[in-house]
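What follows is the residue order along each chain.
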Amino acid sequence: MYTPLHERALAAFLALVPGHGHATATAVMQAVNRDAVDEALQLIDESHVRLLHDRRTLRAVEDALHGLTADSASADSTSFRRTSSVRWHRSWASARRRCGSGRTPDSYVRDATP
């Protein structure tokens, strides 16, 4: 039988997943259930560091792509766009896998930016 405590725990877990991913949310909830609050907070802090790193990586990729666009104005634009698009989508897919959910990295940046 499920109790209101189970309901609150599920709500907390579901709130953690979009921002931290399934694995981190699970580890946080397990730590809380062991009454290891410091460990749970440490996991959240580490997740914030990873998200910050991911945002910086995405910005660097975006800046590099903008730089490539400016530097290659005289290059074959169709070939350039296709190559850049492939690189961008590979980077984006990799970031989505690291994020651990169906949300796009862009939504993490939007939600996490102060």
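Look a little higher up for the structure.
In this text the structure is predicted, and so the values were computed from the model without any measurement.

(A) Examining the overall build of the protein chain more closely. Tallying secondary structure elements over the protein chain gives 5 helices and 0 strands in all. Buried residues in the protein chain amount to 25% of all 114 residues. Long-range pairs, those at least 24 residues apart, make up 43% of the contacts in the protein chain with a sequence separation of at least 6. Carbon and sulfur atoms form 59% of the exposed surface of the protein chain, whose accessible area is close to 8,100 Å².

(B) Geometry of the packing of helix H1 (residues 4-20) against helix H2 (residues 22-33). Where H1 meets H2, the axes come as close as 7 Å, and the angle between the chain directions of the two elements is 145°. Note that H1 runs across H2; the crossing there is right-handed. Along its contact with H1, which presents Ala-9, Ala-12, Phe-13, Leu-16, Val-17 and His-20, the element H2 presents His-22, Thr-24, Ala-25, Thr-26, Val-28 and Met-29. Its residues placed into classes, the contact of H1 with H2 shows 8 nonpolar, 4 polar and no charged.

Quick notes on the rules
Residues numbered from 1 in each chain as written. Predicted model: local features only at pLDDT ≥ 70, side-chain atom pairs only at ≥ 80, totals over all residues. Heavy atoms only, no water. Helix = DSSP H or I, 4+ residues; strand = E, 2+ residues; numbered from the N terminus. Buried < 20%, exposed > 50% of the residue type's maximum accessible area, 1.4 Å probe, protein only. Contact = heavy atoms within 4.5 Å. Areas by Shrake-Rupley, 256 points an atom, 1.4 Å probe, with all protein chains shown as cover. Axes fitted to C-alpha atoms, helices over the stretch in contact; angles between N-to-C directions. Left-handed = near helix turned anticlockwise from the far one by under 90°. Nonpolar A, V, L, I, M, F, W, Y, C, P; charged D, E, K, R; others polar.

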